[in-house]
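Observations on the three-dimensional arrangement
Letter by letter, the chains look like this.
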Amino acid sequence: MMQSFTAMARLLSHLGDQLISSSAVALLELIKNSYDAGSKQVEISINQKKKTMVIKDRGKGMSKNDIREKFLVIGTNNRLIEQKSIIEEYKQLELSNNESEIQQKMSSRIPLGEKGLGRFATMKLAEKLLMVSKSKRSSDGALLMVDWNQCRNDSTKTLEEIRVHLFDINGEELKNKGYWDDITPSFTLIKLYDIKDFYDQRIWDGKKFETFYRDHFMKYVNPFRPNKGFQIRLEITSESGEFFRFTPETLDRKLLDQAHYKLSGKIVGKDLKSSYYIKGADGREFEGELNTYLSDLQGINLVGEEDFGPIDFEFYFFNRRGDRLKEIKGYTKVTDIRKLLDQYSGGIMIYRDNFRVLPYAERGDDWLDMDKEDQFRSEGIRFNTIQTVGAIFITTLFNYNLRDQTNREGLIHNSAFNNLYDALRAVLKSFKAKIDQYYPKGHKYNAPLTTDSVNQALSPLQSKLESIKNNIDGITKYTTIEGQDFKNTIQSLHNDYIEFENSYYQVRTAVNELEKRVVEIEGKQRMVLDLAGIGLMAETVAHELRSYVNRMLGYLNDLQKRIPSQKEMISLLISNTKSIDSVISRLDAQAITRRRAKSKVRIVNLIEELVSSKREVWRQEGTREININLKFDAELWLKVNQGMLVQVFDNLLNNSHFWLIQYCKEDEDFLPVIDINIYQSGILEFSDNGRGIPSIDSEAIFEPFFSRKKDGRGLGLYIISDIMSFHNSEISLSEEKNNYGNKYKFILDFSNCRIN
């Protein structure tokens, strides 16, 4: 009697909830489904309070019949068949001069899915699924409802006993609600209920979502070669009602272009063809070609299933020492560079058809064993994961033997993968050998000395001393023997002594340089301590002064009533006293006890009050009047620390005032103007009509202790930048230039603090 297999419902739990390792991997599966559907973007919305997630795309969608015959069938092979068809079609083509164009066209058509299991990623994310979809071919849509609880690991039901609900839904009704239109007459919307992750605001706050978006979403789609035809958007409504939106960004090529070491190229079979760039600590730069036959690979036979196919690669290596990172231009602070490197470093990522293959180069994943050995260490650089931003690029079309594991956690570890591992390590070894040619170990060059230099200088001393001692002991054996052995020993002793002398000289040089640095740092430290002391004193004094000023205002108001004949004079005194109170109130607002508190602030009111106070102070000083234009297109409310924000605009106004008055002294006809433009988006522009900031200074103005003022401390813009970072905001210098050819406009981005 013929029998057939049946399956328990808990099988779906193994394929979805248990097989997929993380929420990040599950989301990537759903995003790839939207890409395969031909959508130009996918929108993901999370509502923490309702514990729901919505994934929507404008792809080709599904009809009721598609859902019944494909979505509800486990392990469908329609995409695998489509893949094989495209591969066969490519093989039939005659490759000509436009081979790369044909490859690109064919690769863009290949679907990413092949196992027919991606839909079960929804089970990893939530308890229940509701899906609404409409295909171009169908006039009506379809609605599917699934309760994944029926398929839990402890379920005793068979698959045939699991009930799902599938309905027709009126297409015109969907159109009226905005689900589709005549231009894109298809869509898919998946709504997940009782989500298992992302809902707890104590864990998933705005900062955590931003980090998650940057660490995952911004690297899901190839950031090295951005695909502008597909975007991922993420929106969050928090449990408390706050709204966050994260939109696509690309990897800053400005950073990659300034990497200290670069290698890009292609591996085809055993042929490595690449271009390299090396910039040492001494400032020397080297470029060239690195074309090698990887004949040193032991036991490789790139035939049949062992062939991993051609790959392209881009590797960027950064020496993360502070003095080397300062060589990179275009960033406000070294910490900004470190933040970007933290985001994208981690080793060598893998992208198939422009989509990330996880978990390669995730935190803790050292799949090329870059951190475990010292064989990738050269003079001034070590190719470890934290210093590496890189990727290899493969396709389904040309790297068919590199297949994904069923759990979506990397590639199957077959012979092709092992050969890929060996080939990439050979690439790194070849590049290291090239660096060693220019900077052999022990090579001495005139580079900035740091504490690392001292360690490098001290490290050989112990071994050299031991060598000298051993050679001296060896002399005893040969004192009665004349001949070549004795002469060799004496020569060895002499050579070790010379090396010891060189090492000792390097130590002395490093220590002398460090002494200079210590004096410089101590001077800056004293300045910081002085400022801290002034700040603590100002906090106390400001509080007391406000009490005195308030009592003075009370006495003056009383006098104005009692002496009507002096009303005008007393009114002027009251006005001046209120001006003093305004200044002191801003100082009092900086008190440590108030600095962390954030409140709802109408930015226009804050700046208007500050400008009014400044005008009065400048009038008292008798300086030239400055015209301050404040423009805003709508109300803008921010959730910020008011005292800190006052400090931001106080510093900006003081800087502009100082330099504009200097220009007034040079040109009596000069009419100083400050422009402040506020936009509803949270962007604020601050500029004046002075000479602006020369390009040579524009890279350093946000660094501490940089100033062009004669007695300037150089902390104003640094403090502003720090305050902006505290508010998850940013200040930058616009690339626009004035009539003097200098940059002149500051851009303050408060969009993350904006209250709708």
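Anything mentioned here points back to the structure above.
Heads up: these notes are all about the structure in this document. On a predicted model such as this, the values are computed, not experimentally measured, just so you know.

1. What about the side chain of arginine 324?
With respect to the helices and strands, the residue arginine 324 is situated in helix α10 (residues 322-325). When sequence neighbours within four positions are dropped, the list of residues in contact with arginine 324 reads His260, Tyr261, Lys279, Gly280, Ala281 and Asn319.

2. Focus on the environment of glutamate 608
Turning to its location among the elements, glutamate 608 is positioned in helix α17 (residues 603-621). When the C-alpha atoms of glutamate 608 and leucine 630 are compared, they prove to be 8.0 Å apart, with 22 residues separating the residues in sequence. Setting aside its immediate chain neighbours within four residues, glutamate 608 contacts Leu630 and Phe632.

3. Examining unusual backbone geometry
Residue proline 359 follows leucine 358 across a cis peptide bond; omega there is 10°. Checked against the element boundaries, proline 359 lands in the loop between β15 (355-356) and β16 (377-378). Of note, the phi angle at aspartate 194 is positive, near 55°, even though the residue is not glycine. Its location among the elements puts aspartate 194 in strand β6 (residues 187-195). Phi is positive for asparagine 728, close to 55°, though the residue is something other than glycine. Relative to the helices and strands, asparagine 728 is located in the loop between α20 (716-726) and β24 (730-733). Overall, the relative accessible area of 28% leaves asparagine 728 in the partly exposed class.

4. Thoughts on the pairing of strand β13 (residues 311-317)
Burial runs high along β13: six of the seven residues are buried. Here seven bridges tie strand β9 (residues 261-268) to β13, and the two strands are oriented antiparallel to one another. In the strand pairing of β13, isoleucine 267 is matched with isoleucine 311. Two elements, β13 and strand β18 (residues 388-394), share six bridges in a ladder whose sense is antiparallel. Across the sheet, the residue bridging to glutamate 314 is alanine 391, located in β18.

5. Here's the deal with the nonpolar core
If you look at soluble globular proteins, the nonpolar side chains tend to sit buried side by side. The biggest cluster of nonpolar side chains holds 74 residues, and the ones touching the most others in it are Met53, Phe198 and Phe224. Considering each element in turn, this core owes the most residues, eight residues, to helix α2 (residues 23-36). Each residue touching methionine 53, except ones within four places of it in the same chain, is listed here: Leu27, Ile44, Ser45, Ile46, Leu125, Ile190, Lys191, Leu192, Ile195 and Phe198. Listed in part, the 43 residues of the second largest apolar core include Ile603, Val611, Leu660 and Ile701.

6. Quick notes on the environment of asparagine 627
You can see asparagine 627 is positioned in strand β20 (residues 627-632). For asparagine 627, a relative accessible area of 40% translates into the label partly exposed. Here the alpha-carbon distance between asparagine 627 and proline 672, two residues 45 residues apart in the chain, equals 6.4 Å.

Conventions and cut-offs
The residue count restarts for each chain, going from 1 along the sequence in the order it is written. It should be noted that, the model being predicted, local features are given only for residues of pLDDT at least 70 and side-chain atom pairs only at 80 or more, the latter also being counted only at that level, while totals for whole chains, interfaces and linings use all residues. Side-chain figures throughout are based on the complete set of non-hydrogen atoms in the structure, without hydrogens or water. The way it works is that DSSP assigns letters per residue, a run of H or I at least four long becomes a helix, a run of E at least two long becomes a strand, and they are numbered from the N terminus. Pairs of residues are marked as contacts when any of their non-hydrogen atoms sit within 4.5 Å. Burial classes follow relative accessibility: with a 1.4 Å probe on protein chains only, a residue under 20% of its type's maximum area counts as buried, one over 50% as exposed, and anything between as partly exposed. Two strands make a pair as long as DSSP finds a minimum of two bridges between them. Only buried residues count toward a nonpolar core, which is a set of Ala, Val, Leu, Ile, Met, Phe, Trp, Tyr and Cys residues joined through side-chain atoms within 4.5 Å.

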